[in-house]
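Examining the three-dimensional arrangement
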Amino acid sequence: MTQWYYNNRTGEVEEGKQSLASELDGPFSTREEAARAPEIIAERARKWAEEDAKND
């Protein structure tokens, strides 16, 4: 099964690990999901922040 990654340095989607791990977000199941990585990560961070605020 192919895994997709979003390269934070270049803004490109990569099939498999082609770059340094420190430059990659993922893995994602599809190219489309990897392309939305910044949006997905921002949404997850927002949800975590809300959960943390509720627990304080």
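Worth saying up front: this structure is predicted, and the values here are computed from it rather than measured.

**Re the environment of leucine 20**
Structurally, leucine 20 can be placed in the loop between β2 (13-15) and β3 (24-28). For leucine 20, a relative accessible area of 55% corresponds to the exposed category.

**A few points about the nonpolar core**
In this structure, Trp4, Tyr6, Val13, Phe28, Ala34, Ala37 and Ile40 together form the largest nonpolar core, which totals 7 residues. When contributions to this core are tallied by element, the ones reaching two or more residues are β1 (4-7) and α2 (37-55). Not counting residues up to four positions away in its chain, the partners in contact with phenylalanine 28 are Thr2, Gln3, Trp4, Glu33, Ala34, Ala37 and Ile40.

**Some remarks on the sheet that holds β2**
Taking strand neighbours across the sheet as the criterion, the 3 strands line up as β2-β1-β3 in an open arrangement whose pairing is antiparallel. Only two strands of the sheet have a single partner each, and these edge strands are β2 and β3. Geometrically, the sheet is characterised by an average inter-axis angle of 25 degrees between neighbouring strands, direction not taken into account. Pairing of β1 with β3, which is carried by 3 bridges, proceeds in the antiparallel orientation. Residue pairing for β3: tryptophan 4 is matched across the bridge by phenylalanine 28.

**Points about unusual backbone geometry**
For the bond from glycine 26 to proline 27, the omega torsion is 15 degrees, close enough to zero to count as cis. Tracing the sequence through the fold places proline 27 in strand β3.

What counts, and where the lines are drawn
Residues numbered from 1 in each chain as written. Predicted model: local features only at pLDDT ≥ 70, side-chain atom pairs only at ≥ 80, totals over all residues. Heavy atoms only, no water. Helix = DSSP H or I, 4+ residues; strand = E, 2+ residues; numbered from the N terminus. Buried < 20%, exposed > 50% of the residue type's maximum accessible area, 1.4 Å probe, protein only. Core = buried A, V, L, I, M, F, W, Y, C linked by side-chain atoms within 4.5 Å. Contact = heavy atoms within 4.5 Å. Pairing = 2+ DSSP bridges. Axes fitted to C-alpha atoms, helices over the stretch in contact; angles between N-to-C directions.

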